Amino acid sequence: MDLGVKDRAFMVAAASEGIGYGIAEALARDGARLSIASRSREKIERAATTLRENYGIDCRAYVMDAADAQSIRSWTEATLNDLGEVQGLVVNAGGPPPGNFDAFDDDAWARACELTLMSAVRMVRCILPELRRQQSGAILTVTSSSIKEPIDQLLLSNVFRAGVVALVKSLANELARDGIRVNNLVPGRIDTQRVRSLDTMIAGKKGVALEDEQAEQHAAIPLGRYGTIEDMGAAGAFLLSDAASYITGATLVVDGGKMRSVT
Ligand code: NAD
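Residues numbered from 1 in each chain as written. Predicted model: local features only at pLDDT ≥ 70, side-chain atom pairs only at ≥ 80, totals over all residues. Heavy atoms only, no water.

Before going further, it helps to examine the overall build of the protein chain. Along the protein chain, the regular secondary structure elements total eight helices and seven strands. In terms of overall dimensions, the protein chain has C-alpha extents of about 55 × 40 × 40 Å along its principal axes. Of all 263 residues assigned to the protein chain, the portion counted as buried reaches 48%. Pairs at least 24 apart in sequence give 73% of the contacts found in the protein chain among residues at least 6 apart. Surface summary for the protein chain: the accessible area is close to 12,200 Å², and the carbon and sulfur share equals 51%. Here the protein chain contributes 29 positively and 34 negatively charged side chains, and the mean placements of these two sets differ by 3 Å. (Helix = DSSP H or I, 4+ residues; strand = E, 2+ residues; numbered from the N terminus. Buried < 20%, exposed > 50% of the residue type's maximum accessible area, 1.4 Å probe, protein only. Contact = heavy atoms within 4.5 Å. Areas by Shrake-Rupley, 256 points an atom, 1.4 Å probe, with all protein chains shown as cover. Lys, Arg positive; Asp, Glu negative; His and termini not counted. Charge placed at Lys NZ, Arg CZ, Asp CG, Glu CD.)

In C-alpha cells:
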C-alpha cells in the first residue's frame, strides 16, 4: 500500500530493534526520510545502515536516552538541523522494569515516570513548534494492552502507560486546531527481545520450559501466534500517514484478538 509518506521526515524513538524498528522499516519501505534514535550508538547506527541499504532512503542515527530531557532536546535539534523539517514523531522507549507493588520504592516510581510518561511529554514538547509551524503532522505513541487490562508483574508499566493515553486523548483535542493528529498504538504480545526476556522470567518463576510458556501464551491469542514487528510497523505507518487523515485521539490495538473487551 502506498501510504504517501515518500520524502516526508519522521522521528522514531527507541528504534534500533523491536517495535520502533518495525515502524521505522515500514516508513522506510514507502520512501520516508528518517531520524531514528536509541541509547546505543553501535546498535542505532547498524539499524540506520540496514534501512539505508535496503530502501535507499535518507536515514540518520542519533544516540538518545528517552529518560533524559536534555538527550531528547538534543535529538530533536540535531534532526531538524540535519533533515530540515519533520512531519511525524513516534514516541517509544524501553519498558520499565517488571515487578509487583512491594518491589518498588519512590526512586523506582520516579525513574519509571521519567522513562514512560515524561519521555512522551518531552518528545511532544520538543517537536511541537515544528509541527505547529507546518500546521500539520502526526504523533504516535507506543503503549501496551495494560492500558485496558493491567498485566501481572508489570505494575509500573500499567500505571504510567495509562497516563500516556490520557495525554494522547488530551493532546488530540488540543492540537487538532493546528492540524496535528495524535494517536496511540497498543501492542499485544509482539515477538521482540523484551517479550523473550519477559517470557524467560515468567517460565523461570513457574518452573516450566520457555517453549511451554510460549505455547501457552500463543494458545491464549485467537490468531494463535505472537505479533511481528512487521505487524506493528504496518499499523504504525498507517496511523502516521494521510491514509489516517481523519483519525486522531484513537488507540489501535494490534494483538491478534487477545483482548476480549467490547470497546
Ligand atoms: P525491545 O526491547 O525489543 O526494543 C526496545 C528499543 O528501545 C530498543 O531499540 C532499545 O535500544 C530502545 N531503548 C530502550 N530503552 C531506551 C531508552 N531509555 N531510551 C532510548 N531507547 C531505549 O522492546 P519492544 O518489544 O520493541 O517494546 C517497545 C515498547 O513497547 C516498550 O516500551 C515495551 O514495554 C512496549 N510493549 C511491548 C510489547 C511487546 O509485545 N513487545 C507489549 C506491550 C508493550
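From this point, the discussion proceeds with the structure in view.
A word on the packing of aromatic side chains. Here the structure, examined in full by the defined rule, presents one aromatic pair. Aromatic pair Trp-109 and Phe-160: ring centres 5.8 Å apart, planes at 65 degrees, arrangement edge-to-face. Separated by 51 residues along the polypeptide, Trp-109 in helix H4 (residues 106-134) and Phe-160 in helix H5 (residues 155-175) bring together distant segments of the chain. (Phe/Tyr/Trp six-rings, centres within 6.5 Å; stacked < 30°, edge-to-face > 60°.)

Moving on, we come to unusual backbone geometry. Of note, the phi angle at Gln-135 is positive, near 55 degrees, even though the residue is not glycine. Mapped onto the elements, Gln-135 comes out in the loop between H4 and strand S5 (137-142). The class for Gln-135 is partly exposed, based on a relative accessible area of 42%. One non-glycine residue, Gln-153, lies in the positive phi region at around 75 degrees. Relative to the assigned elements, Gln-153 resides in the loop between S5 and H5.

A few words on the sheet that holds strand S4 (residues 88-91). Read from one edge to the other, the open sheet built from seven strands follows the order S3-S2-S1-S4-S5-S6-S7, with strand pairing classed as parallel. Strand pairing shows two members of the sheet lacking a second neighbour, strand S3 (59-63) and strand S7 (251-254), which therefore form its edges. Direction aside, the axes of adjacent strands within the sheet are offset by 15 degrees on average. Looking at chain direction, strand S1 (residues 9-13) and strand S2 (residues 33-38) are connected through five bridges and run parallel. Within S2, the residue paired with Met-11 across the bridge is Ser-35. Against the sheet, helix H1 (residues 18-29) engages S1, S2, S4, S5 and strand S6 (180-187), with an angle of about 165 degrees to S1. Packing of H5 onto the sheet brings it into contact with S5, S6 and S7, and relative to S6 it is tilted by some 155 degrees. (Pairing = 2+ DSSP bridges. Axes fitted to C-alpha atoms, helices over the stretch in contact; angles between N-to-C directions.)

What follows concerns the packing of helix H3 (residues 69-83) against H4. Relative to each other, H3 and H4 sit at 30 degrees, their axes nearing to 10 Å. As far as their axial angle goes, H4 and H3 are roughly parallel. Seen along the crossing, H3 lies across H4 with a hand that is right-handed. Together, Ala-69, Ile-72, Arg-73, Trp-75, Thr-76 and Leu-80 of H3 and Ser-119, Arg-122, Met-123, Cys-126, Ile-127 and Glu-130 of H4 make up the contact between the two elements. Counted by class, the contact of H3 with H4 contains seven nonpolar, two polar and three charged residues. (Parallel < 35°, antiparallel > 145°, perpendicular 65-115°, else oblique. Left-handed = near helix turned anticlockwise from the far one by under 90°. Nonpolar A, V, L, I, M, F, W, Y, C, P; charged D, E, K, R; others polar.)

The subject of this paragraph is the pairing of S3. The side chains of a regular strand alternate, residue by residue, between the two faces of the sheet. Across five bridges, the pairing between S2 and S3 is parallel. Its bridge partner lying in S3, Leu-34 is registered against Cys-59.

Moving on, we come to the site of the ligand. Around the ligand lies a shell of 28 residues, among which Ser-16, Ala-93, Arg-161, Ile-190 and Thr-192 are the nearest. Residue Arg-39 places a side-chain N or O atom 3.2 Å away from a nitrogen atom belonging to the ligand. The backbone of Gly-95 places a nitrogen or oxygen atom 3.3 Å from an oxygen atom of the ligand. Protein burial of the ligand: of its 830 Å² of free accessible surface, 92% is covered by the chains. Looking at the shell around the ligand, the elements that each hand over two or more residues are H1 and helix H6 (193-206). Examining the composition of the shell around the ligand, we find that three residues originate from one element, H6, more than from any other. (Near = heavy atom within 4 Å. Polar contact = N/O pair within 3.5 Å; in protein donor to acceptor, adjacent residues only side chain to side chain.)

Another point: the packing of H1 against helix H8 (residues 229-240). The geometry of H1 relative to H8 is characterised by a closest axis approach of 7 Å and an angle of 60 degrees between their N-to-C directions. Compared by their axis directions, H1 and H8 come out oblique. Like other packed secondary-structure pairs, H1 and H8 cross with a definite hand, here right-handed. Contact with H1, carried on its side by Gly-18, Ile-19, Tyr-21, Gly-22, Ile-23, Glu-25, Ala-26 and Leu-27, involves Ile-229, Glu-230, Met-232, Gly-233, Ala-234, Gly-236, Ala-237 and Leu-240 of H8 and no other residues of that element. For the contact of H1 with H8, the class distribution of residues is ten nonpolar, four polar and two charged.

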